[in-house]
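Summary of structural features
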Amino acid sequence: MRFTVLGSGTTLPDADRGPAGFLVQAEGRSILVDGGSGTLQRLKRAGVDARELDGGVYSHRHVDHTGDLVPLLFTLKVGIDRPRTRDYPIWGGQGFQGFLSALLGVYGQWIQGTAWSTVVTELPLDGPGEALLPGGVLLRTLPANHAAGALHLRFEHDGRSVTFSGDTGASPALAELAEATDLLVCECAYDGPEDYDGHLYAELIRDMVAQARPAQVWLTHMYPQVDPERALRVVREAGAPVIRARDGQSVEL
Ligand SMILES: [Zn+2]
Ligand SMILES: [Zn+2]
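Throughout what follows, the structure given in this document is the object of discussion. (Residues numbered from 1 in each chain as written. Chains lettered and ligands numbered in written order. Predicted model: local features only at pLDDT ≥ 70, side-chain atom pairs only at ≥ 80, totals over all residues. Heavy atoms only, no water.)

Moving on: the coordination of the zinc ion (ligand 1). Those donors, H60 (NE2), H62 (ND1), H146 (NE2) and D167 (OD), are the protein atoms that reach the zinc ion (ligand 1), and they lie 2.1 to 2.3 Å from it. Geometry at the zinc ion (ligand 1) is irregular, judged from the four donor atoms that bind it and their angles of 91 to 165 degrees at the metal. For the zinc ion (ligand 1), the donor residues sit on a single chain with the sequence spacing H-x1-H-x83-H-x20-D. The distance between the zinc ion (ligand 1) and the zinc ion (ligand 2) is 3.6 Å, with D167 acting as a donor to both metals. Linking H62 in the loop between β4 (55–57) and α2 (63–66) with H146 in the loop between β8 (137–143) and β9 (151–157), this pair joins segments that are 84 residues apart in sequence. A relative accessible area of 17% means that H146 is categorised as buried. (Donors = N, O, S within 2.8 Å, 3.2 Å for Na, K, Ca; no water. Tetrahedral: all angles 85-135°; square planar, octahedral: opposite > 155°, others 65-115°. Helix = DSSP H or I, 4+ residues; strand = E, 2+ residues; numbered from the N terminus. Buried < 20%, exposed > 50% of the residue type's maximum accessible area, 1.4 Å probe, protein only.)

Considered for burial, the residues of helix α6 (residues 202–212) that qualify are A202, I205, M208, V209 and A212. For α6, the angular spread of buried residues about the axis comes to 130 degrees, placing them on one side. Contacts from the buried residues of α6 go to α5 (172–177), β11 (183–187), β12 (217–220) and α7 (228–236). At the exit of α6 stands R213, carrying a positive phi of roughly 55 degrees. (Arc of directions from axis to C-beta. Contact = heavy atoms within 4.5 Å.)

Together, F74, V78, I80, V106, Y107 and W110 make up an exposed nonpolar region whose accessible area comes to about 650 Å². Within the residue set of the nonpolar patch, elements represented by two or more residues are α3 (69–78) and α4 (96–107). Relative to the elements of secondary structure, Y107 occurs in helix α4. (Patch = residues over 30% accessible without salt bridge, like charges linked within 9 Å, V, L, I, M, F, W, Y side chains within 5 Å. Areas by Shrake-Rupley, 256 points an atom, 1.4 Å probe, with all protein chains shown as cover. Salt bridge = Lys/Arg side-chain N within 4 Å of Asp/Glu carboxyl O.)

Strand β3 (residues 29–33) sits mainly inside the fold: four of its five residues count as buried. Here strand β2 (residues 21–26) runs beside β3; their pairing, made up of five bridges, is antiparallel. Counterpart to F22 in the pairing with β3 is V33. In this antiparallel pair of consecutive strands, β2 and β3, the connection spans two residues, and E27 shows a positive phi of 50 degrees. Sheet topology note: the β3/β4 ladder contains three bridges and is parallel. The residue bridging L32 from the neighbouring strand is G56, located in β4. (Pairing = 2+ DSSP bridges.)

This is the structure in structure tokens:
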């Protein structure tokens, strides 16, 4: 299973980091995971034409994670020399079908295929979820401590795993889902406690990593108030190798 970071940033403009977007590949299949603005271009840089994606998984519906969904569906619709003839499957938390229906209410046939449909599978927000993705990848989810139908996501293939926090505040469910995972991709949006507790900061991540014992940690989604060096130093106290992920970074697990 190959995991690639398409966007390691936030919704704030950054010359080097796009909003959240990732790619999971296994057995020749490609699954988009989240996709803020600019994801389609960074996907192409990673060698994948969006028209040939095998599906998408969304951690939640905030715009920095879903901004390129409408451009993606329009791209599938236009197709040109690669007309799509198979459905486009999407997995997201409960409420995602309503979200897509609202987008269809605005864009109508511009984002609807004639030879294919967008097929949404919703995952529970009140307990564990599971789905078999293209390429034989098993998706396991637990509800996150955030908004907009947020989930933690764990992808498993051939005995290896990558776990993505999504956006979340302190969450025992994340430590549970990330148990002994090969790679934990974890948001680190804050530098410390803030009024809105729907995001993580270094001390919370350190304590969660100490409990879950992932083989390595990639930090992402840092807002400008975060001091990356301090965050890395604190999270490393848990004993696992920790880096700040960058756009285009890729690893074979
Ligand atoms: Zn969010
Ligand atoms: Zn976010």
